[in-house]
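Listed below are the residues making up each chain.
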Amino acid sequence: MLGYFWRRLLWTMPVLLGVTVLLFLLLQVIPGDPALSRFGDRLPSEQSLRNVQEQLRLTESVYTQFTSYLGGLIRGDLGTSYVTGEPVREIIARTLPPSLRLAFLAIVIELLIAVPAGVLAAIKRDTWIDRFSFVIAAILVAMPVFLLGLLFQLFFAIRLHWLPVGGLGDGSFIYHLMPAAVMGLIAAAYLSRVTQSAMLEVLDSDYVLAARADGLPAGRIVFHYALRNAWPPILALVGLHFGLLIGSAIATEYVFDWPGLGHRLYIAVGQRDRPLIIGATLTLSFLFVLVNLGVDLIQGLINPKVRLSRRSEIDV
Amino acid sequence: MSNTLKLGILIIGLLILAAVLVGLFDGADPVAQDQQAFLEAPSADHWLGTDRLGRDILVRLLFAGRTSLTVSLTAVTAMVLIGLPLGLVAGYFGGWVDNVVSRLIDIFLAFPFILGAVALMAVFGPGLWNIFLVMALLGWPQIARLARAGVIDEVTKDYVAAVKVAGATPWYVMRRHVLPGISGPVIVFAVMGVGTVILAEATLSFLGFGMPAPQPSWGLMISDARLVYATAPWALIAPGVAIILACLGFNLIGEGLRDLLDIHE
Amino acid sequence: MSDLALKEITLRGAGGQVIVDQADLVVESGESVALIGESGAGKTSLALAIMGLWPGTSEGAMLFRDRRLDSTSEADYRALRGRELVYMPQDPAAALSPTMTVGAALSDVLRFRAGLNRTAARESAISWLDRVGLSPGREMAGRYPYQLSGGMAQRVLMAKALACEPQLLIADEPFSSLDPDTAFDQIALLQELQVEGRFSLLLITHDLGLARRLATKVVVMRSGRVVESGPLAAVFNQPKEQYTAELIAAGLPLSPGEGV
């Protein structure tokens, strides 16, 4: 299993290199002179503009720029922001943790809503519970995350005054709750459908029939026999959802004025701050790939067949 | 035909009809401002009210529908036109062609869709054409992967292998055996993809990277409404409902087609 | 008193189609009855109906000892299943949850059916594994279904079926996935356990050799109907129905030297 893990991890390296090349090349085309962004609204003199251009290494060829960027990447250096002059690594180190806290909480909320809802919809198939959850899920899937964010803000913060409108505040849980719930709810809409279909399939299996014939309590059958075997597709989707969460984090963090990496990326795109755009996108893609790897690993832990069959052949 | 499919077709049909018809009214101008009516609640004059610049929300809504439908339908068409041939060729011929295409797919799928779109819009700048380009550029790998898997599935079937051995040209095998087998999943995926692009366009425009103001776009309308939503919630609700309906409509059609064509994931 | 008496049982599927048509069947206490017929004859459907697990509708009278099964509530049924009334499903590999160890599956039955606590159930599960020939039981208990051969999985099902001392065991196509040698051992084991446990047996099979070894009475089913029934020797030696005769003619012996 560990060998498999390392192989997979190793394989992500060329993929990430490809992502870097692609981003680097595409972002070369950004119109306008990045050096100008250093001066804000002022028009710089010829000489000072040249100085900044040299400092940002813009006078070198694309190839040289790329190799030196890669060299820096290997040392963990992501360059400096064109706009603030701050090392990109430090910006990411500062803004990533709040984003991750939000994402983690969103996944928890997603699971807490989607798994019970999906299980219930499977057990109560073709009843009003099933139909109700279908309609809610269909609407949420079609809803842009920023719209749900604005509606929550309007309702829970502005009208009811239950929750803060946005921002990190003192960093306490209550500030995390609304943005995480918004992201978690939308992800839960997809997941509840997958949970339901996975459960329906498993409930139809021979071993669930056998467990019923054994007279085991209904709850035991649903949770220990059915749900346990329905986890693999559920978890696979949670992994894929991490990508969805990263995407929705940009709009969510913007709506809630959350000082995370998504929000920072939004600002960087507005400013065409190339090193920061590349650094942030690369970091988030790397996380995405890593999370999917982690999900594979957990799949192995849950499904003993995946885990053990890779370790050794078992005698029969 | 299932109720899901009928409802989806009804929603999208009405939406397209409205978006087409609104252009026939002389007075319907999405950027015209009524200086007498800023942020008015829905009334007989302005059925869905006006926004903070005195523009009629219903008219803007319908013109924005044109934007949204145009960009999503054309972008998905482009995704299929790029992804399908690449996937077919990779799956059919295998070898180094497959290697190159598959690695490219891996690389593109390593960025989450919206993240990639936001980063690329920094390069391309706002605009309808650029949204289309970015969506097509980021969306094709999914179709290609689907097509590739479908081809491999078909080509390994005995009867197809027999036809190949008998000297059929690749073109013949594709047309007669491969395409019929994979067209169902690709169609379903493409229809669902329209909904995804609608959401993505709305998100990009909302963030200010998509359609440039004052062009009509649902995302832009919501971004506008954000400034006044505490006092004029209708300005937020109307475009919000429009996005949900459009996306829901395509999703319902996709699901209906999946059941109709009996496709299992 | 008979253990099981079915009178004019008619089963319909979800679409209303008749699956079993007016079937009669009696299993006397301690008796072994073979229910034979080709696949699709409605044997498994009948078994599921007896267990109260038939998803469609059913008509007719069903008596388990002195209890009317056809009017038993789901809650009361649950108390019967796995305890007095036990079903041993076909295809042992598919009948075990892939994510549960053998020991856990067996302990579950002992905990929830025999009312043992966690530790006692665990110990009892291990001793049952030893008893059905899966030794050492302590080590076998930690195995997952995919680590078992077909024969081992069948033994686990047998342990599960007998762990709670059934009154009536319905064995659905047992041993059909095993090679003849393994099957031979398992049949002997079942016979041995039946002598010990004194349960009655309803054996569902299309293997006439197996029926001959285990049963004293035969019920023949064909496309949902019971076409013939009676003592094994009488039915096998002088079949009244053409269909039974064909079935017997086509039936292969279980092992060499055991032909009809």
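Residues numbered from 1 in each chain as written. Chains lettered and ligands numbered in written order. Predicted model: local features only at pLDDT ≥ 70, side-chain atom pairs only at ≥ 80, totals over all residues.

Draft legend 1. Expanded view of the overall build of chain B. When its secondary structure is counted, chain B shows nine helices and zero strands. Ordered by position from the N terminus, the helices and strands of chain B form the series α-α-α-α-α-α-α-α-α. Taken along its principal axes, the extent of the C-alpha atoms in chain B is 75 × 45 × 30 Å. The buried share of chain B, reckoned over its 265 residues, is 51%. A separation of at least 24 residues holds for 71% of the contacts in chain B among residues at least 6 apart in sequence. (Helix = DSSP H or I, 4+ residues; strand = E, 2+ residues; numbered from the N terminus. Buried ≥ 20, exposed ≤ 12 C-beta atoms within 10 Å, placed from the backbone. Contact = placed C-beta atoms within 7 Å.)

Draft legend 2. Fine view of the interface of chain A and chain B. Taken together, the contacts link 39 residues of chain A with 35 residues of chain B. Of all elements in the fold, only α1 (2–28), α5 (128–141), α6 (145–159), α9 (218–255), α10 (261–271) and α11 (274–302) of chain A reach the threshold of two or more residues within the side of chain A that touches chain B. With eight residues, α1(A) is the largest single contributor of residues to the side of chain A that touches chain B. A class-by-class count of the residues in the side of chain A that touches chain B yields 33 nonpolar, five polar and one charged. (Nonpolar A, V, L, I, M, F, W, Y, C, P; charged D, E, K, R; others polar.)

Draft legend 3. Spotlight on the arrangement of the chains. Taken together, the two pairs of chains in contact show their highest number of contacts between chains A and B. At no point do chain B and chain C touch; the closest pair of C-alpha atoms across them sits 19 Å apart.

Draft legend 4. A look at the confidence of the model for chain B. Overall, the prediction assigns chain B a mean pLDDT of 85, with 92% of residues at 70 or greater. In the predicted complex, the global pTM is 0.82; the interface-specific ipTM is 0.87. (pLDDT = per-residue confidence, 0-100.)

Draft legend 5. Spotlight on the pairing of strand β8 (residues 200–205) of chain C. Residue and element names in this part refer to chain C. For β8, a buried count of six out of six residues is recorded, marking the element as mostly surrounded by other parts of the structure. Neither face of β8 is left uncovered, since the one carrying S200, L202 and I204 and the one carrying L201, L203 and T205 both have all their residues buried. Here strand β3 (residues 32–36) runs beside β8; their pairing, made up of five bridges, is parallel. Paired with A34 across the bridge in β8 is L203. Pairing geometry for strand β7 (residues 168–172) and β8, over five bridges, is parallel. Note on β8: the bridge partner recorded for L169 is L201. Each parallel crossover has a hand, and the one from β7 via helix α7 (residues 180–197) to β8 is right-handed. (Pairing = 2+ DSSP bridges. Right-handed = clockwise from strand over helix to strand, strands pointing away.)

Draft legend 6. Molecular detail of the nonpolar core. B:V118, C:L106, C:I170 and C:L203 are the most contacted members of the largest nonpolar core, which totals 249 residues. Considering every element that reaches this core, the biggest residue donor is α9(A), with 18 residues. In this structure C:I170 touches C:A47, C:I50, C:V86, C:Y87, C:M88, C:L202 and C:I204, once residues within four positions along its chain are discounted. (Core = buried A, V, L, I, M, F, W, Y, C linked by C-beta atoms within 7 Å.)

Draft legend 7. The packing of helix α7 (residues 173–203) of chain A against α9(A), seen in detail. Residues and elements named next belong to chain A. In the contact formed by α7 and α9, the axes pass within 8 Å of each other and the chain directions differ by 155°. Judged by the inter-axis angle, α7 sits roughly antiparallel to α9. Like other packed secondary-structure pairs, α7 and α9 cross with a definite hand, here right-handed. A per-class count over the contact of α7 with α9 returns 22 nonpolar, five polar and no charged. (Axes fitted to C-alpha atoms, helices over the stretch in contact; angles between N-to-C directions. Parallel < 35°, antiparallel > 145°, perpendicular 65-115°, else oblique. Left-handed = near helix turned anticlockwise from the far one by under 90°.)

Draft legend 8. Representation of the sheet that holds strand β6 (residues 85–88) of chain C in the model. Residues and elements named next belong to chain C. If you walk across this open sheet you meet the six strands as β6-β7-β8-β3-β9-β10, and the pairing is mixed. Looking at strand neighbours, the two that pair on one side only are β6 and β10 (225–231), the edges of this open sheet. On average, adjacent strands in this sheet sit at an angle of 15° to one another, irrespective of strand direction. Sitting on the sheet, helix α1 (residues 43–50) touches β3, β6, β7, β8 and β9 (217–222), and the angle it makes with β7 is about 150°.

Draft legend 9. Expanded view of the interface of chain A and chain C. Tallying the contact residues gives 20 residues for chain A and 25 residues for chain C. When residues of the side of chain A that touches chain C are traced back to their parent elements, those giving at least two are α8 (206–213), α9 and α12 (304–309) of chain A. Among the elements that take part in the side of chain A that touches chain C, α8(A) stands out by supplying six residues, more than any other. Considered class by class, the residues forming the side of chain A that touches chain C number eleven nonpolar, three polar and six charged.

Draft legend 10. Region of interest: unusual backbone geometry. Between C:S135 and C:P136 the backbone carries a cis peptide bond, its omega angle lying at -5°. Structurally, the position occupied by C:P136 is in the loop between α4 (118–131) and α5 (137–140). The backbone phi angle of A:D257 is positive, close to 50°, even though this residue is not glycine. Mapped onto the elements, A:D257 comes out in the loop between α9 and α10. For A:D257, a count of 12 C-beta atoms within 10 Å gives the class exposed. Of note in the backbone geometry, C:F175 takes a positive phi value of approximately 65° without being a glycine. Structurally, C:F175 can be placed in the loop between β7 and α7. Owing to 25 C-beta atoms within 10 Å, C:F175 belongs among the buried residues under this scheme.

Draft legend 11. Layout of the sheet that holds strand β2 (residues 18–28) of chain C. Residue and element names in this part refer to chain C. The strand order across the open sheet formed by four strands is β2-β1-β4-β5, and the pairing between neighbours is antiparallel. Because the sheet does not close on itself, it has two edges, and the strands there are β2 and β5 (67–68). Both strand β1 (residues 2–12) and β2 contribute to a ladder of seven bridges, which runs antiparallel. Within β2, the residue paired with L4 across the bridge is V27. Those strands touched by α1 are β1, β2 and β4 (57–64), and its axis lies near 115° from that of β1.

Draft legend 12. Region of interest: the environment of C:S2. Residues and elements named next belong to chain C. Among the structural elements, S2 can be located in strand β1. In this structure S2 comes out as partly exposed when scored by C-beta crowding, with 14 C-beta atoms within 10 Å. Taking the C-alpha atoms as reference, S2 lies 14 Å from L169; in sequence the two are 167 residues apart. Residues in contact with S2, not counting those within four places in the same chain, are V26, V27, E28 and S29.

Draft legend 13. Structural view of the packing of helix α2 (residues 57–93) of chain B against helix α9 (residues 234–261) of chain B. All names here are of chain B. At a closest axis distance of 11 Å, the pairing of α2 and α9 adopts a crossing angle of 30°. Taken together, the axes of α2 and α9 are roughly parallel relative to one another. As for how α2 packs across α9, the hand of that crossing is right-handed. Residues I57, L61, A64, G65 and S68 of α2 form the contact with α9, whose own contacting residues are A235, A238, P239, A242 and A246. Here the residues of the contact of α2 with α9 sort into eight nonpolar, two polar and no charged.

Draft legend 14. Just helix α5 (residues 128–155) of chain B, in detail. Residues and elements named next belong to chain B. For α5, built from 28 residues, the straight-helix expectation of 40 Å at 1.5 Å per residue is met to within 8% by its first-to-last C-alpha distance of 39 Å. Bending of α5 peaks at approximately 35° at the position of G139, with proline P141 no more than four residues after it. Among the 28 residues that make up α5, 20 are buried, leaving the element largely enclosed by the rest of the structure. (Expected span 1.5 Å × (residues − 1). Bend = angle between axes of the 7 residues up to and from the residue.)

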